[in-house]
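Residue strings, one per chain:
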Amino acid sequence: MTDEETVPLSQHSLALELRNDPVKGRGVFTKDIIASNTLVEISPVLLFNPTEYANHGKHTILDHYTYCWPGGYYGLALGLGSMFNHNSTPNVGFIRDFNNKLIRYVTLREIQPEEELCISYGNHLWFEDDDSAPALSDSEEELFPFQDDDDELCNA
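Analysis parameters
- Residues numbered from 1 in each chain as written.
- Predicted model: local features only at pLDDT ≥ 70, side-chain atom pairs only at ≥ 80, totals over all residues.
- Heavy atoms only, no water.
- Pairing = 2+ DSSP bridges.
- Helix = DSSP H or I, 4+ residues; strand = E, 2+ residues; numbered from the N terminus.
- Axes fitted to C-alpha atoms, helices over the stretch in contact; angles between N-to-C directions.
- Polar contact = N/O pair within 3.5 Å; in protein donor to acceptor, adjacent residues only side chain to side chain.
- Contact = heavy atoms within 4.5 Å.
- Core = buried A, V, L, I, M, F, W, Y, C linked by side-chain atoms within 4.5 Å.
- Buried < 20%, exposed > 50% of the residue type's maximum accessible area, 1.4 Å probe, protein only.
- Salt bridge = Lys/Arg side-chain N within 4 Å of Asp/Glu carboxyl O.

Peer 1: I keep staring at the sheet that holds strand β7 (residues 85–86) and nothing clicks. Help me out?
Peer 2: Within a beta sheet, neighbouring strands are joined by backbone hydrogen bonds and run either parallel or antiparallel to one another. Strand order in the open sheet formed by 5 strands is β1-β2-β3-β10-β7, and the pairing between neighbours is mixed. The two strands at the open ends of the sheet, each matched to only one other strand, are β1 (7–8) and β7. Taken together, the 2 bridges between β1 and strand β2 (residues 16–21) define a ladder with antiparallel strand orientation. When the bridges of β2 are listed, Val7 appears paired with Leu18.

Structure representation (structure tokens):
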């Protein structure tokens with residue numbers, strides 16, 4: 001597969017594709033309208049214990065794809081969970097299900113055909129953010145729903 005190829009994800013009930021964005025890299029795009037509050041993906045999570053992650057994971061590309069998890073663990077979202085690119089005003093939010101070791105991704109607004117599905121990576125970015133607006137809802141007083149805050153878990 002070359003970077004220019006589109007990969008249809010026909011196993012999903014939504015018309016999703018993996019495509020390459022020249023700036024962000026591979027990402028998830030839709031071919032159809034997706035309504036607000038639609039469950040897009042449930043990703044199982046592979047957990048790394050704190051020692052394993054400190055000694056190995058954080059020194060690899062995995063460091064860009066993990067979510068903080070209770071007890072100092074780090075979780076790698078499998079499936080589409082690791083393919084969503086960042087946007088400071090995301091159209092997809094996520095909620096971590098710690099008990100079941102899953103992450104659920106839900107649309108925050110209606111998404112139009114050919115639009116990329118993006119989540120917010122939070123405030124601790126390792127790259128220059130072209131979309132540097134704060135991640136606020138329409139009321140501008142609260143974080144988007146379904147957007148957890150990693151700070152407590154990552155700094156525990």
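Peer 1: Help me understand the sheet that holds strand β4 (residues 39–48), please; the structure alone is not making it clear to me.
Peer 2: Pairing is antiparallel in the open sheet, where 5 strands are placed in the order β5-β6-β4-β9-β8. Both edges of this open sheet fall to β5 (66–68) and β8 (92–97), since each of them pairs with a single strand only. This sheet shows a mean twist of 35 degrees between the axes of neighbouring strands, independent of strand direction. Sheet topology note: the β8/strand β9 (residues 102–107) ladder contains 6 bridges and is antiparallel. Note that in β9 the partner of Phe94 across the bridge is Tyr105.

Peer 1: So what exactly am I meant to see when it comes to the side chain of Thr30 here?
Peer 2: In this structure, Thr30 sits in strand β3 (residues 25–30). Engagement of the side chain of Thr30 in a polar contact is seen with the backbone oxygen of Asp32, the distance being 2.6 Å. Apart from residues no more than four positions distant in its own chain, Thr30 is found in contact with Ala15, Leu16, Arg19, Ile111, Gln112, Pro113, Glu114, Glu115 and Leu117.

Peer 1: Would you mind going over the nonpolar core with me for this structure?
Peer 2: Counting residues in each nonpolar core, the largest one holds 19 residues, and the members touching the most others are Val28, Tyr67, Phe84, Ile103, Tyr105 and Leu117. Breaking this core down by element, the ones donating at least two residues are β2, β4, β8, β9 and β10 (116–119). Leave out the neighbours within four places in its chain, and Phe84 touches Val28, Val40, Glu41, Tyr105, Leu117, Ile119 and Tyr121.

Peer 1: Help me understand the pattern of salt bridges, please; the structure alone is not making it clear to me.
Peer 2: Any two side chains of opposite charge can pair, on the condition that their charged atoms come close. Under the definition given, this model contains 5 salt bridges. We note a salt bridge from Arg104 to Asp97, for which the minimum N-O separation is 2.8 Å. For Arg104, a relative accessible area of 29% puts it in the partly exposed group. Judged by its relative accessible area of 14%, Asp97 is buried. In this structure, Arg109 and Glu115 form a salt bridge, with 2.4 Å as the shortest nitrogen-oxygen distance. Looking at Arg109, the relative accessible area reads 37%, which means it is partly exposed.

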